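What follows is each chain in one-letter form.
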Amino acid sequence: LGLMYFRGSGIPADIEEAGKLFKAAAKSGCVAAQKTLRKIEKDDSKGINKGREEERIQILTKKANAGDKEAMFELAKFYEVGGIRIRANPELSKELLQKLV
């Protein structure tokens, strides 16, 4: 059911409801839900952890400013499409990617 809400398969997509369902299933011991939740939380472009988005960007920015190439890449991906509270910034995305070359 969580995947149906997450993907909008047969029902309107509802990312917050999907997150609640994944978290409940993971807490009850469902290994598949735990794996899916970890994957979603790692790449949260859908916004399940929208309250943590700004914190994540701050941490990645600090790391990128310190020369962390993985953080630069993650920021570039994020700014390419934007997020819940942070707007897309294709120019910044391009700048970050150029620093990686």
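Residues numbered from 1 in each chain as written. Predicted model: local features only at pLDDT ≥ 70, side-chain atom pairs only at ≥ 80, totals over all residues. Heavy atoms only, no water.

For the protein, the count of helices and strands is six helices and zero strands. In the protein, which comprises 101 residues, the proportion classed as buried is 27%. In the protein, of all internal contacts separated by at least 6 residues, the share reaching a separation of at least 24 is 33%. When the accessible surface of the protein is totalled, it reaches about 7,100 Å², and 53% of it is carbon and sulfur. (Helix = DSSP H or I, 4+ residues; strand = E, 2+ residues; numbered from the N terminus. Buried < 20%, exposed > 50% of the residue type's maximum accessible area, 1.4 Å probe, protein only. Contact = heavy atoms within 4.5 Å. Areas by Shrake-Rupley, 256 points an atom, 1.4 Å probe, with all protein chains shown as cover.)

Summary statistics for the protein give a mean pLDDT of 82 and a share of 85% for residues scoring 70 or more. When pLDDT is averaged over each helix and strand of the protein, the minimum, 77, is found for helix α3 (residues 31–42) and the maximum, 93, for helix α6 (residues 90–100). (pLDDT = per-residue confidence, 0-100.)

For the structure shown, the criterion picks out one salt bridge. Across the pair Glu74 and Lys77 runs a salt bridge whose closest N-O atoms are separated by 3.5 Å. In this pair, Glu74 and Lys77 both sit in helix α5 (residues 69–81), three residues apart, roughly one turn of the helix. Taking relative accessible area as the criterion, Lys77 reaches 32% and is therefore assigned partly exposed. (Salt bridge = Lys/Arg side-chain N within 4 Å of Asp/Glu carboxyl O.)

The residue Phe73 is located in helix α5 in this model. Put simply, Phe73 and Leu96 are 23 residues apart on the chain and 7.0 Å apart in space, counted from C-alpha to C-alpha. With sequence-adjacent residues up to four places away left out, Phe73 is seen in contact with Leu97 and Leu100.

By the definition in use, this model includes one aromatic pair. Here Phe78 and Tyr79 contribute two aromatic rings whose centre-to-centre distance is 5.6 Å and whose plane-to-plane angle is 80°, an arrangement assigned as edge-to-face. The same class applies to Phe78 and to Tyr79, which are both buried. (Phe/Tyr/Trp six-rings, centres within 6.5 Å; stacked < 30°, edge-to-face > 60°.)

All right, on to the packing of helix α4 (residues 53–65) against α5 then. Where α4 contacts α5, the axes come no closer than 8 Å and their chain directions differ by 135°. When the interaxial angle is binned, α4 and α5 end up oblique. The two elements α4 and α5 meet at a crossing, and its hand is left-handed. Together, Glu53, Arg56, Ile57, Leu60, Thr61, Lys63 and Ala64 of α4 and Ala71, Met72, Glu74, Leu75, Phe78 and Tyr79 of α5 make up the contact between the two elements. Classifying every residue of the contact of α4 with α5 by side-chain character gives eight nonpolar, one polar and four charged. (Axes fitted to C-alpha atoms, helices over the stretch in contact; angles between N-to-C directions. Parallel < 35°, antiparallel > 145°, perpendicular 65-115°, else oblique. Left-handed = near helix turned anticlockwise from the far one by under 90°. Nonpolar A, V, L, I, M, F, W, Y, C, P; charged D, E, K, R; others polar.)

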